[in-house]
Amino acid sequence: MMGPGPSNCSKRVLTAMTNTVLSNFHAELFRTMDEVKDGLRYIFQTENRATMCVSGSAHAGMEAMLSNLLEEGDRVLIAVNGIWAERAVEMSERYGADVRTIEGPPDRPFSLDTLARAIELHQPKCLFLTHGDSSSGLLQPLEGVGKICHQHDCLLIVDAVASLCGVPFYMDKWEIDAVYTGAQKVLAITILSHRT
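I will try to describe carefully the structure that is included in this document. (Residues numbered from 1 in each chain as written. Predicted model: local features only at pLDDT ≥ 70, side-chain atom pairs only at ≥ 80, totals over all residues. Heavy atoms only, no water.)

### Notes on the overall build of the protein chain
Line of reasoning, step 1. Of the regular secondary structure elements, the protein chain holds 7 helices and 7 strands.
Line of reasoning, step 2. On C-alpha atoms alone, the protein chain measures out to a radius of gyration of 17 Å, which is about the 16 Å that the 2.2 N^0.38 rule sets for 196 residues.
Line of reasoning, step 3. Considered along the principal axes of its C-alpha atoms, the protein chain spans approximately 55 × 35 × 30 Å.
Line of reasoning, step 4. Across the 196 residues in the protein chain, those meeting the buried criterion constitute 39%.
Line of reasoning, step 5. Put simply, 65% of the contacts in the protein chain that link residues at least 6 apart link residues at least 24 apart.
Line of reasoning, step 6. Mean positive and mean negative side-chain charge positions of the protein chain (17 and 24 charges, respectively) differ by 6 Å. (Helix = DSSP H or I, 4+ residues; strand = E, 2+ residues; numbered from the N terminus. Rg over C-alpha atoms; globule rule 2.2 N^0.38 Å. Buried < 20%, exposed > 50% of the residue type's maximum accessible area, 1.4 Å probe, protein only. Contact = heavy atoms within 4.5 Å. Lys, Arg positive; Asp, Glu negative; His and termini not counted. Charge placed at Lys NZ, Arg CZ, Asp CG, Glu CD.)

### A short note on the nonpolar core
Line of reasoning, step 1. Core analysis: the largest hydrophobic core is formed by 26 residues, its most contacted members being Leu127, Leu129, Leu156, Phe169, Ile176 and Val179.
Line of reasoning, step 2. Looking at this core, the elements with two or more residues in it are α2 (27-44), β1 (75-80), α5 (112-122), β3 (126-130), α6 (145-151) and β6 (155-159).
Line of reasoning, step 3. It is α5 that contributes the most residues to this core, 4 residues altogether.
Line of reasoning, step 4. Every residue in contact with Leu156, bar those within four places of it in the chain, is listed here: Leu127, Leu129, Val145, Gly146, Cys149, Glu175, Ile176, Asp177 and Ala178. (Core = buried A, V, L, I, M, F, W, Y, C linked by side-chain atoms within 4.5 Å.)

### Comments concerning the packing of aromatic side chains
Line of reasoning, step 1. Counted by the stated rule, this structure contains 3 aromatic pairs.
Line of reasoning, step 2. Where Phe169 meets Trp174, the ring centres are 5.7 Å apart and the plane angle is 70 degrees; that geometry is what we call edge-to-face.
Line of reasoning, step 3. The class for Trp174 is buried, based on a relative accessible area of 10%.
Line of reasoning, step 4. Considering the side-chain rings of Tyr170 and Trp174, the 5.3 Å spacing of their centres and the 85 degrees angle between planes classify their relative orientation as edge-to-face.
Line of reasoning, step 5. One aromatic cluster is present, built from ring pairs that chain together Phe44, Phe169, Tyr170 and Trp174.
Line of reasoning, step 6. Over the ring of Tyr170 we find Lys173; its NZ or CZ atom is 5.1 Å from the centre of that ring. (Phe/Tyr/Trp six-rings, centres within 6.5 Å; stacked < 30°, edge-to-face > 60°. Lys NZ or Arg CZ within 6 Å of the ring centre and 35° of its normal.)

Here it is, written out as structure tokens:
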């Protein structure tokens, strides 16, 4: 799980970047974006139509999730056992959220029981979990977490930057409400390895 990044661009991508830029209203661009969104839905294993690309880093994905799901005063529970959850704490505090944390060692994932007790105690609007933390190499199991969240009227937000395409991921089956990744980690390596 010690996913490095960024990964180098393939020659095919670099060559494509030398082509003429399409207008944001060009029909070919709409077709391309639809193909990209279809591919993303497959990778995330979701039927959610609100699947999109953000032109930016994985950090921009985190920012997009938290800034759109949290309003000032909203309670968010963040399971902290690595630097990416710490970053989510900082961002959520900047948005004026009521941030609650549970702390865990970087060498052990949170159990379903621990997460359930924390959700019952804090009654958050959202739970934030890092699926694969590149700072520690920890993989957090997600199966069952979404169900617990939904029993308590809580949304599940997942950071899958260092895990997506490296391990199985089932957004719909695991009842994940919002997830983001970045193209510079496992996803990029997976694409490059299939192109060569």
